[in-house]
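# Understanding the architecture of this molecule
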Amino acid sequence: MAKQLHLISDGKLSLAAFADIAGRVVSFVDFIHLREKEVSSLELYHGVQLLLNKGVPSQKIIINDRVDVASVFGTGIQLAFHSLPTFIVKKYYPDILVGRSIHSVEEAIEAEKQGADLVIYGHVYMTSSKKDLPPKGITNIAIIKKKTDIPLIAIGGITPDNVSEVLNMGADGIAVMSGILHAENPFQAAECYAKKLIQGGKAYE
Ligand SMILES: Cc1nc(C(=O)O)sc1CCOP(=O)(O)O
């Protein structure tokens, strides 16, 4: 299966600025996450509209935590540790793509048991987003892949140079924040990640 590229918003750029970048890189990415912890439902609703206006299809949009906004648009949902239980969201929204953010093998197994469609595991490398927490490394990726059958997306400090290492452990894709959002040229950066995923994906299929 093709390896996935997820772009995650950083909660710092304005939603308009993020939507602008998302529209430029949409052809290279599989999913665009609105991970906005500080905004109101109304602002998030407008944020999704901005993405749609920039040509991002709703099937490529994933909203972090906010099941209400995701269900309005029929977008995917990414559940965090403080979010609703996976099985509840699956029960009420069986047709929505449900991801779960996980940080251990046990959480991955539990997410699958509750019906998650994918897990995002991290942070695998040092990242400025989680400065005070040591990275988890990549070895658990292989363990999780042995024990579960759902796609695993690796997150945290992923650069074009370490993509192949992550794929080698069995990851089904990567999620990137600063590597694209803070790049001098986000379009070129997204293209570079996408190429690495195609090369790596071929090698490890
Ligand atoms: C949003 C997020 N979640 C993580 C987790 O470990 O669950 S790490 C992370 C930040 C990823 O940013 P960057 O690509 O700039 O390293």
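Residues numbered from 1 in each chain as written. Predicted model: local features only at pLDDT ≥ 70, side-chain atom pairs only at ≥ 80, totals over all residues. Heavy atoms only, no water.

### A few points about the overall build of the protein
Secondary structure summary: the protein contains nine helices and eight strands in total. Computed over its C-alpha atoms, the radius of gyration of the protein comes to 16 Å, within 12% of the 17 Å expected for a compact globule of 205 residues. Referenced to the eigenvectors of the C-alpha coordinate spread, the extents of the protein come out at roughly 40 × 40 × 35 Å. Classification of the 205 residues of the protein by burial places 48% in the buried group. Across the protein, contacts joining residues at least 24 apart in sequence account for 56% of those joining residues at least 6 apart. About 10,000 Å² of surface is accessible on the protein, with carbon and sulfur atoms providing 54% of the total. (Helix = DSSP H or I, 4+ residues; strand = E, 2+ residues; numbered from the N terminus. Rg over C-alpha atoms; globule rule 2.2 N^0.38 Å. Buried < 20%, exposed > 50% of the residue type's maximum accessible area, 1.4 Å probe, protein only. Contact = heavy atoms within 4.5 Å. Areas by Shrake-Rupley, 256 points an atom, 1.4 Å probe, with all protein chains shown as cover.)

### A short note on the packing of helix α5 (residues 105-113) against helix α6 (residues 139-147)
The contact between α5 and α6 brings their axes to 10 Å, and the two run at 30°. In terms of orientation, α5 and α6 fall into the roughly parallel class. Relative to α6, the crossing made by α5 is right-handed. In contact with Val 105, Ala 108, Ile 109 and Glu 112 of α5, α6 contributes Asn 140, Ile 143, Ile 144 and Lys 147. Of the residues in the contact of α5 with α6, the class split is five nonpolar, one polar and two charged. (Axes fitted to C-alpha atoms, helices over the stretch in contact; angles between N-to-C directions. Parallel < 35°, antiparallel > 145°, perpendicular 65-115°, else oblique. Left-handed = near helix turned anticlockwise from the far one by under 90°. Nonpolar A, V, L, I, M, F, W, Y, C, P; charged D, E, K, R; others polar.)

### Details of the UniProt feature "domain: Thiamine phosphate synthase/TenI" (unreviewed entry) in the protein
In this structure's numbering, the residues bearing the UniProt feature "domain: Thiamine phosphate synthase/TenI" (unreviewed entry) are residues 7-180. The span residues 7-180 shows a helical share of 37% and a strand share of 18%, and its end C-alpha atoms are spaced 8 Å apart. (UniProt positions renumbered as here; feature names shortened; annotations may be inferred.)

### Description of the site of the ligand
Neighbouring the ligand are 13 residues, the closest being His 123, Thr 127, Gly 157, Met 177 and Ser 178. In this structure, His 103 approaches the ligand through a side-chain N or O atom, which is 3.1 Å from an oxygen atom. A distance of 2.7 Å is found between an oxygen atom of the ligand and a backbone nitrogen or oxygen belonging to Gly 157. Relative to its unbound accessible surface of 420 Å², the ligand loses 95% to contact with the protein. Here the shell around the ligand is built from residues that sort into three nonpolar, eight polar and two charged. (Near = heavy atom within 4 Å. Polar contact = N/O pair within 3.5 Å; in protein donor to acceptor, adjacent residues only side chain to side chain.)

### A look at the packing of aromatic side chains
Counted under the stated rule, the structure contains two aromatic pairs. Considering the side-chain rings of Phe 28 and Phe 187, the 5.1 Å spacing of their centres and the 65° angle between planes classify their relative orientation as edge-to-face. Taken together, the residues Phe 28 in the loop between α1 (15-25) and β2 (31-34) and Phe 187 in helix α9 (residues 186-204) connect sequence positions 159 residues apart. Looking at Phe 187, the relative accessible area reads 35%, which means it is partly exposed. A centroid spacing of 5.3 Å and a plane angle of 35° characterise the contact between Tyr 45 and Phe 73, whose relative ring orientation is tilted. Remark: Phe 73 occurs in helix α3 (residues 67-73) and Tyr 45 occurs in helix α2 (residues 41-53); sequence separation between them is 28 residues. (Phe/Tyr/Trp six-rings, centres within 6.5 Å; stacked < 30°, edge-to-face > 60°.)

### Comments concerning the nonpolar core
Ranked by size, the top nonpolar core spans 62 residues in total, and within it Ile 32, Leu 51, Ile 141, Ile 158, Val 166, Ile 174 and Ile 180 carry the most contacts. Ranked by residue count, the leading element in this core is α1, at six residues. (Core = buried A, V, L, I, M, F, W, Y, C linked by side-chain atoms within 4.5 Å.)

### Re the side chain of Thr 86
Within the secondary structure layout, Thr 86 lies in helix α4 (residues 86-92). Ignoring sequence-local partners within four residues, the contact set of Thr 86 consists of Leu 79, Val 98, Arg 100, Ala 111, Gln 114, Gly 115 and Ala 116.

### Thoughts on the side chain of His 6
Within the element layout of this structure, His 6 appears in strand β1 (residues 4-8). A polar contact of 2.7 Å, which involves the side chain of His 6, links it to the side chain of Gln 4. Each residue touching His 6, except ones within four places of it in the same chain, is listed here: Phe 31, His 33, Ile 62, Leu 118, Ile 153, Ile 174, Ala 175 and Val 176.

### Remarks on the packing of α1 against α2
Axis separation between α1 and α2 bottoms out at 9 Å; the angle between their running directions is 25°. Classified by the angle between their axes, α1 and α2 sit roughly parallel to one another. Along this stretch, α1 crosses α2, giving a crossing that reads as right-handed. Judged by residue contacts, Leu 15, Ala 16, Phe 18, Ala 19 and Ala 22 of α1 engage Glu 43, Gly 47, Leu 50 and Leu 51 from α2. Classifying every residue of the contact of α1 with α2 gives seven nonpolar, one polar and one charged.

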